[in-house]
Structures are given as C-alpha cells and as structure tokens.
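# Observations on the three-dimensional arrangement
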Amino acid sequence: MDHFGRQYRCARVCADRNRDVRRSSIKNAEVQILSGDMVPSPSSHQIIVRLPGVDSSAVSAKIVGDILTIKASRTWTRDLIAEATKEHKKCDCKDIAEEVLGKTDEFVRQLRVPESVAKDKVSVEMRKETDELVISLPDKEPETIEFAVHEV
C-alpha cells in the first residue's frame, strides 16, 4: 500500500473513532417521552434519559413556569470511552479520546410541561442499574366544584 493509501485508510479509521467518541457523549443522549398507556406507573407522562456515568448528585431538574429544565454532567474517564481498534492504534495519530479525558461532558434539555400536570407531585429518580434518569409527571386531580341551588 502506498503512502496516500495509508493516509486515506488512517483518515477513515480516525473519523470512525472520533464519531464513536462523540456519539457516546451525554450531550447527545436520547430523550424518551412516554404518555398515556405507555407509562407503567400511575403517572400520565414519563421522561426517560439514559445517562451512563452520571452520578445523581450531578443531575438537576426544575420547572419554571411551564418549562422543565434537565441538566446533568459527568467527567470523561477511560471506562466511558470504547477501546480503540487495532487499526486505529496503527495509525499513530492523535486520538480524540485523549483530548476529552478529564473534561466535563454536559447534558441540557428543556421541555414544555402540559397544563394538566400536577407540578408539585413530579418525581425524579436516577436508576443506577440502568443509568436512566426517570421523571414522572402525574396529572392533576380533576377539580370538583359544587354549586348551591337557590329557589327562585
């Protein structure tokens, strides 16, 4: 293989490695929203975010007005990054994984909360066995208004 062929192969392998590292960032975490019959608990809505390597003390969730803001952070460590392939190790180029080690990885999302949600009964839990943040949003109890009947 000539010099340019090796360079091309190395560029492709490094691009794949960089893409894999970026995809493992919690910045790109998928937010799953369940409603109605899809929710296993008595809540009417549930938000699930997979946040591997995030400690519950590094997570915050708050509702201001009708906006739910979810924030989480973690520090990049070796165990969060997949091992480089043999091909990548042969490239002898700079690894993006080395650049992110020790840096902070952050997740931030804002979602609109429906008016039907009882904001004072929202629950937030971090499930360590699945690395999932689960926010349960129960519906408000239906309001009952009784009227007095006056004889005219």
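Just above sits the structure.
A short tour of the structure in this document, coming up.

So, how was this worked out
- Residues numbered from 1 in each chain as written.
- Predicted model: local features only at pLDDT ≥ 70, side-chain atom pairs only at ≥ 80, totals over all residues.
- Heavy atoms only, no water.
- Core = buried A, V, L, I, M, F, W, Y, C linked by side-chain atoms within 4.5 Å.
- Buried < 20%, exposed > 50% of the residue type's maximum accessible area, 1.4 Å probe, protein only.
- Helix = DSSP H or I, 4+ residues; strand = E, 2+ residues; numbered from the N terminus.
- Contact = heavy atoms within 4.5 Å.
- Pairing = 2+ DSSP bridges.
- Polar contact = N/O pair within 3.5 Å; in protein donor to acceptor, adjacent residues only side chain to side chain.
- 1 Å grid on protein atoms, 1.4 Å probe; cavity = no way out; pocket = protein on both sides within 12 Å on 5 of 7 lines; lining within 4 Å.
- Points joined across faces, edges and corners; volume = space filled by probe spheres on them.
- Nonpolar A, V, L, I, M, F, W, Y, C, P; charged D, E, K, R; others polar.

A general tendency of soluble globular proteins is for nonpolar side chains to be buried together. One finds I47, L51, I70, F107 and L133 to be the most contacted residues of the largest nonpolar core, which totals 18 residues. Going through the elements one at a time, β2 (45-50), β4 (67-75), β5 (104-112) and β7 (132-137) are the ones with two or more residues in this core. Apart from the residues within four sequence positions on either side, I70 is in contact with I47, S60, F107, V108, R109, L111, L133 and I135. With seven residues, the next largest nonpolar core counts V21, W76, I96 and A97 among its residues.

For the rest of this paragraph, the subject is the pairing of strand β3 (residues 59-64). Pairing of β3 with β4, which is carried by six bridges, proceeds in the antiparallel orientation. Each residue of the ladder has a partner; that of I63, found in β4, is L68. Between the antiparallel neighbours β3 and β4 lie two residues, among them G65 with a positive phi of about 65 degrees.

Moving on, we come to the side chain of Q46. Turning to its location among the elements, Q46 is positioned in strand β2. A distance of 3.4 Å separates the side chain of Q46 from the side chain of S136, its partner in a polar contact.

It is worth spelling out the layout of surface pockets at this point. By volume, the largest pocket is sized at about 190 Å³. Around the largest pocket, the lining residues are V21, R22, S25, K27, N28, W76, I96, V100, K103, T104, D105 and E106. Broken down by element, the lining of the largest pocket gets its largest block of residues, three residues, from β5. Its residues assigned to classes, the lining of the largest pocket comprises four nonpolar, three polar and five charged. In this model, the second largest pocket occupies a volume close to 160 Å³. Along its surface, the second largest pocket is lined by R17, R78, I81, A82, E83, A84, K89, D95, A97, E98 and L101. When its residues are assigned to classes, the lining of the second largest pocket shows five nonpolar, no polar and six charged.

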